[in-house]
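# A structural walkthrough
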Amino acid sequence: MQQNEYSMTNTPDVIDNTKPYFTLRWLGMRTGLVIVLALCATILAVIINEVAFTRKSNGFLSAERLSTIGDSISYAFIIVLITLMSTTLVEVIFRKPVNAIQYSLSACAMSLFYLLLTSFSELMPFGLSYLLSCIMILGMLTIYLNAITRSTKAAKVFGTVLVVEYAFIFILLCLNRFALLTGSLGIFLTLAIMMYFTIRLRVRNGELQINR
């Protein structure tokens with residue numbers, strides 16, 4: 001009885017190969033979880049944007065920085081969605097499970113990024129504020145995934161995805177006129193990369209596997 005109770009409340013560190021774990025049903029549930037968490041994180045980011053408006057009204061934040069923060073928040077949903085789906089790919093590729101609570105905390109951390117960005121922007125230039133916020137949140141997420149998966153390689157792959165994402169968003173914020181075109185091309189490239197990594201994805205004995 002104790003063993004069953006443990007399995008219900010904890011994600012195993014090592015997958016039992018005799019029982020399918022990464023099934024299509026699991027993938028569907030993970031996808032649903034990721035979409036819900038991305039929506040929740042976006043709502044939190046919008047609330048933080050309202051806080052930024054209040055800080056601007058009180059004279060702590062300039063109109064230009066408020067506008068730039070608002071522009072960055074407009075990309076919140078796609079950033080959180082891609083990041084969490086990358087976590088799902090890490091689970092399948094490296095066979096390292098991540099549970100729903102850990103997904104949720106990661107989404108909360110990505111929402112916290114915008115609060116840090118707003119806070120730092122009151123005291124320093126936007127570029128420096130963005131850099132500091134990225135270092136704090138991206139570093140925390142990478143270390144967190146490394147601790148969960150106990151895989152340095154998985155953490156490096158995940159960290160690289162985060163750096164590319166947030167660097168790309170910063171470039172979009174600086175482009176203004178060409179932001180839509182660049183963003184569309186970026187989404188196209190991201191989708192192409194994800195397609196590439198899923199080419200070798202197969203279902204064997206009811207379980208998702210990557211052909212080596």
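The rules behind these values
Residues numbered from 1 in each chain as written. Predicted model: local features only at pLDDT ≥ 70, side-chain atom pairs only at ≥ 80, totals over all residues. Heavy atoms only, no water. 1 Å grid on protein atoms, 1.4 Å probe; cavity = no way out; pocket = protein on both sides within 12 Å on 5 of 7 lines; lining within 4 Å. Points joined across faces, edges and corners; volume = space filled by probe spheres on them. Helix = DSSP H or I, 4+ residues; strand = E, 2+ residues; numbered from the N terminus. Nonpolar A, V, L, I, M, F, W, Y, C, P; charged D, E, K, R; others polar. Phe/Tyr/Trp six-rings, centres within 6.5 Å; stacked < 30°, edge-to-face > 60°. Buried < 20%, exposed > 50% of the residue type's maximum accessible area, 1.4 Å probe, protein only. Lys NZ or Arg CZ within 6 Å of the ring centre and 35° of its normal. Axes fitted to C-alpha atoms, helices over the stretch in contact; angles between N-to-C directions. Parallel < 35°, antiparallel > 145°, perpendicular 65-115°, else oblique. Left-handed = near helix turned anticlockwise from the far one by under 90°. Contact = heavy atoms within 4.5 Å. Salt bridge = Lys/Arg side-chain N within 4 Å of Asp/Glu carboxyl O.

This brings us to empty space enclosed by the protein. Using the criterion set out here, one finds one cavity of 30 Å³ or more in the structure. Counted as a void, the largest cavity has a volume near 80 Å³. What lines the largest cavity is Thr-83, Leu-84, Thr-87, Val-98, Gln-102, Tyr-103, Ser-106, Leu-141, Tyr-144, Leu-145, Ile-148 and Phe-158. For the lining of the largest cavity, the secondary structure elements donating two or more residues are helix 4 (76-94), helix 5 (100-121) and helix 6 (126-149). It is helix 6 that contributes the most residues to the lining of the largest cavity, four residues altogether. Tallied by class, the residues present in the lining of the largest cavity amount to eight nonpolar, four polar and no charged.

With that out of the way, let us pick up the packing of aromatic side chains. As enumerated under the stated definition, the model contains five aromatic pairs in all. Measuring from ring centre to ring centre gives 5.2 Å for Phe-113 and Tyr-114, while their planes differ by 85°; the resulting arrangement is edge-to-face. The burial state of Phe-113 is the same as that of Tyr-114; both residues are buried. Judged by centre distance (5.4 Å) and plane angle (85°), the rings of Phe-113 and Tyr-130 are edge-to-face. With Phe-113 in helix 5 and Tyr-130 in helix 6, the pair connects residues that are 17 residues apart, well separated along the chain. Each member of the pair, Phe-113 together with Tyr-130, is buried. Here the aromatic cluster, defined as three or more aromatic residues joined through ring pairs, consists of Phe-113, Tyr-114, Phe-126, Tyr-130, Tyr-166 and Phe-170. The ring of Phe-60 carries Arg-55 above its face, with NZ or CZ at 4.2 Å from the centroid.

Next up on the list: the layout of surface pockets. Empty pockets left among the atoms are what a rolling probe the size of a water molecule brings to light. The calculated volume of the largest pocket comes to roughly 890 Å³. Lining the largest pocket are 33 residues, with Ile-82, Ser-86, Val-161, Thr-190 and Ile-193 positioned closest to its centre. Counting only elements with at least two residues in the lining of the largest pocket, the list comes to helix 4, helix 7 (152-175) and helix 8 (179-197). Among the elements that take part in the lining of the largest pocket, helix 8 stands out by supplying 11 residues, more than any other. When the residues that make up the lining of the largest pocket are grouped by side-chain class, the tally is 23 nonpolar, six polar and four charged.

Further remarks concern the packing of helix 3 (residues 63-73) against helix 5. It is at 11 Å that the axes of helix 3 and helix 5 come closest, and there the two elements cross at 170°. By the criterion of interaxial angle, the relationship of helix 3 to helix 5 is roughly antiparallel. Once helix 3 is placed against helix 5, the crossing between them reads as right-handed. Taking contact as the criterion, the partners of Arg-65, Ile-69, Ser-72 and Ile-73 in helix 3 are, on helix 5, Tyr-114, Leu-117, Thr-118 and Ser-121. Class assignment for the residues of the contact of helix 3 with helix 5 results in four nonpolar, three polar and one charged.

What the rule picks out here adds up to two salt bridges. For the salt bridge of Arg-30 with Glu-91, the shortest nitrogen-to-oxygen distance reads 3.0 Å. With Arg-30 in helix 2 (residues 24-57) and Glu-91 in helix 4, this residue pair connects regions lying 61 residues apart in the sequence. Overall, the relative accessible area of 10% leaves Arg-30 in the buried class. Glu-122 is paired through a salt bridge with Arg-55; the nearest N and O atoms lie 2.6 Å apart. Residue Glu-122 is found in the loop between helix 5 and helix 6, and its partner Arg-55 is found in helix 2; the two are separated by 67 residues along the sequence.

Purely spatial values, then, with no claim about function.
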